[in-house]
Amino acid sequence: MPDMRRPTRGALAATALLALTLAACPGGDSGEKGGKGRAAAGGQPVNGGTLIIASSDIDHLFPQLSVNFGAKNVTDQMFDYLADIGDELNTLGDAGFTPRLATRWEWAPDSLSITFHLDPRARWHDGQPVRASDVRFTHQIYHDPASTSLNYELISTVDSVQVVDSLTPRIWYRRRGPEQFFDAVYQMPILPEHVLKGIAHDKLRQSEFARSPIGSGKFRFVRWTPGQQIELIADTANYRGRPRLDRVIYSIVADYPAALTRLRAGEADFYETIRPENVAEVDNSPTLKAIPYQGSQYGFMGMNLRENGPRGRPHPVFGDRTMRRALTMAVDRRALVRSVFDTLAYPSIGPVTRGQSVADTTIAQIPFDTVRAKQLLDSLGWRDANGDGVRERNGRPLEFAIIVPSISASRVRLATLVQAQLKRVGVTANLEQLEFGAFLERLRRRQYDAAMSAWTTDPSPSGIRQLWTTAGSRSEDGSNYQSYESPAFDAYVDSAARAATPAARKAYFRRAYETIVGDAPSVWIYEQRLVAGAHERLRTAPMRADGWWAHLDQWWIPSNARIPRDQIGLRTVAER
């Protein structure tokens, strides 16, 4: 099921054939199985159709205030950015970015400001024009700590937004940096000032807007019935042209088996992540197809370095670096990945994915070595004095709890295997399965020992500041739930953010990754390779690693493949 954003995706696929396909395929699928597409006379796709996506429920629909990855999927269809990152996911300068609300932009000679020119045709879904004051208002919301925006730290380089005239916002920066364009456009979906200006920033999550938003994107909000469905409809008069689909319905499912059941029964057209044991079945089905695509999630067992929040005392087990390294040595990460994901996941190389430009697979990892792990535990005074198989020190057993979201079968399985591996070196790990909301709340409050977590990265490696630096640890609203703090790591990340060349940037990030891997605040377990399940009639566009839905407006269903649907309480609607 979808997971935390940056903070946020699920389990993967099996079979060697699909593993090879995934490595070679960029994720697009514009035709039938075998590559033969359907089109209207003249070879052009016909617009239309209703797409039903099996999805988990969400918390709210206010952009950038949710860690729920499914919510970002929905809001990205309704809200526009000043510009969109290209499919190559370049984050340096503005190369590859394409116009959205802004038709063009100009850099100041000193690069401390960028002037954007808005498309005069752009309208909010209530008919009001999009204005430069909306851009200024958006920055004020996301930059205000009271809003608890996830991107507060990520837009810290943006100083202010000036309204030059009604269609010309100018973004000013505190300092120059290679990712300053990315910071301004990727991290800030633009919000309507005329709708939100009277709402206190600390009340935005609870506002009516968060349940019934007004955007400027290709799809309009229709309704959200919690636990049942979210419905969007094409904005046929959109300033960038109407989407190919007529309607998108997110059909809420309780768990993975329910999603797979709806896909098999034709009650859903798409589900983003098929588990390894079901991939062959989906790919061999006459009505379904498996679509491999590049993911951007890494999974890990995070260790809480402090008790009772970021200002608490060091954790009695995980506060010690040598202990964390010993526990990491006791875990056979390759065996875990092979057992749970077969060939469609890699052992993780740290808080980075291989698709990011600064990834370095040559960084030395803490090796699997149970002999050395036992020696280190002995040196710390943790010994099995009474022969019961559990190490103790000063009468206290070496024991802790691992929380795991029950909705994620892959992480439950991983936690079970980690538990067995740690037992072999005299460590007791007790598993605590939690409903996803409760799992997130425990993380936010830092009320846990260890957690089977997963983060989905955005294209910029600088997003690591939010997740693993001291700033992310000290803030009550930060996302560094492990409370990992390292001045050396912080310094390397800051230097990477200011690096003038890609080579220098990668060199600094290598030092940062070497530091955090060596400090072992987490056991870095897996990096996903994803396979979606789709109905054979569905035509998709290329799927980006930062969000498979990035080109959802270009998906379509051939007219001769459309059927009437009665889905989750909706009246039967003959698709246009």
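Scoring rules and cut-offs
- Residues numbered from 1 in each chain as written.
- Predicted model: local features only at pLDDT ≥ 70, side-chain atom pairs only at ≥ 80, totals over all residues.
- Heavy atoms only, no water.
- Phe/Tyr/Trp six-rings, centres within 6.5 Å; stacked < 30°, edge-to-face > 60°.
- Helix = DSSP H or I, 4+ residues; strand = E, 2+ residues; numbered from the N terminus.
- Buried < 20%, exposed > 50% of the residue type's maximum accessible area, 1.4 Å probe, protein only.
- Salt bridge = Lys/Arg side-chain N within 4 Å of Asp/Glu carboxyl O.
- Pairing = 2+ DSSP bridges.
- Axes fitted to C-alpha atoms, helices over the stretch in contact; angles between N-to-C directions.
- Contact = heavy atoms within 4.5 Å.
- Polar contact = N/O pair within 3.5 Å; in protein donor to acceptor, adjacent residues only side chain to side chain.
- Arc of directions from axis to C-beta.
- Core = buried A, V, L, I, M, F, W, Y, C linked by side-chain atoms within 4.5 Å.

Engineer: Sorry if this is basic, but what is going on with the packing of aromatic side chains here?
Structural biologist: With the rule as written, the count across this model stands at 24 aromatic pairs. Geometrically, the ring pair formed by W107 and F181 is stacked, given 6.2 Å between the ring centres and 25° between the ring planes. Of this pair, W107 sits in strand β4 (residues 102-107) while F181 sits in helix α4 (residues 180-186), and the two are 74 residues apart along the sequence. The exposure class assigned to W107 is partly exposed, which follows from its relative accessible area of 30%. The exposure class assigned to F181 is buried, which follows from its relative accessible area of 0%. Taking the centre distance of 4.8 Å and the plane angle of 20° together, the rings of F182 and Y186 count as stacked. Of this pair, F182 and Y186 both sit in helix α4, four residues apart, which is roughly one turn of the helix.

Engineer: Please clarify how the pattern of salt bridges should be interpreted in this entry.
Structural biologist: The tally for this structure, following the rule as stated, stands at 26 salt bridges. Ionic pairing is found between E106 and R104, a salt bridge with its closest N-O pair at 2.7 Å. Residue classification places E106 among the partly exposed residues on the basis of a relative accessible area of 35%. Here the salt bridges do not stand alone but share partners, grouping D84, R100, R544 and D546 into one network.

Engineer: What is the right way to read the environment of K72 from this model?
Structural biologist: By secondary structure assignment, the location of K72 is in helix α2 (residues 69-78). By relative accessible area, which is 9% here, K72 ends up buried.

Engineer: What exactly am I supposed to notice about the sheet that holds β4 here?
Structural biologist: Two modes of strand pairing occur in sheets, parallel and antiparallel, and in both the strands are linked by backbone hydrogen bonds. Read from one edge to the other, the open sheet built from four strands follows the order β4-β5-β7-β6, with strand pairing classed as antiparallel. Of all the strands in the sheet, just β4 and β6 (158-165) have a single pairing partner and so form its edges. Ignoring strand direction, the axes of neighbouring strands in this sheet form an average angle of 20°. Note that β4 and strand β5 (residues 113-118) share five bridges and pair antiparallel. If you follow E106 over to β5, its bridge partner there is T115. Strands in contact with helix α3 (residues 132-143) are β5, β6 and β7 (168-173); relative to β6, the strand with the most contacts, it is inclined by about 165°.

Engineer: So what exactly am I meant to see when it comes to the side chain of T470 here?
Structural biologist: Locating T470 in the fold gives a position in helix α14 (residues 470-474). Classification of T470 as buried rests on a relative accessible area of 15%. There is a polar contact of 2.6 Å between the side chain of T470 and the side chain of D490. Residues in contact with T470, not counting those within four places in the same chain, are Y484, E485, S486 and D490.

Engineer: Help me understand the side chain of T50 in this model?
Structural biologist: In this fold, T50 is placed in strand β1 (residues 50-55). For T50, the side chain forms a polar contact with the side chain of R247, separated by 3.3 Å.

Engineer: Looking at this model, I keep getting lost on helix α12 (residues 436-445). Mind explaining?
Structural biologist: For the α-helix, the turn length of 3.6 residues means that residues three or four positions removed from each other point alike. Considered for burial, the residues of α12 that qualify are F436, F439, L440 and L443. Looking straight down α12, one finds its buried side chains confined to an arc of 95°; they lie on one side. Turning to α12, the residues buried within the fold contact β17 (399-405), α11 (409-423), β18 (428-434) and β19 (450-456). At the N-terminal boundary of α12, the capping side chain belongs to E435, with an oxygen 2.9 Å from the backbone nitrogen of G437.

Engineer: I would appreciate a short explanation of the sheet that holds strand β14 (residues 345-347) in the present structure.
Structural biologist: Across the sheet, six strands lie side by side as β14-β20-β13-β19-β17-β18; this open sheet has mixed pairing. Taken across any chain shown, the strands that pair with only one partner, and hence form the sheet edges, are β14 and β18. Averaged over all pairs of adjacent strands, the angle between their axes in this sheet comes to 25°, without regard to strand direction. Across five bridges, strand β13 (residues 297-303) lies against strand β20 (residues 522-528) in antiparallel orientation. Directly across from Y298, in β20, lies its bridge partner E527.

Engineer: Explain the nonpolar core here, please?
Structural biologist: Generally speaking, soluble globular proteins have nonpolar side chains that are buried together. The biggest cluster of nonpolar side chains holds 71 residues, and the ones touching the most others in it are L82, F116, I171, F270, W548 and W555. The leading source of residues in this core is α4, at five residues. By size, the runner-up hydrophobic cluster in this structure holds 41 residues, among which are L327, V412, L422 and M452.

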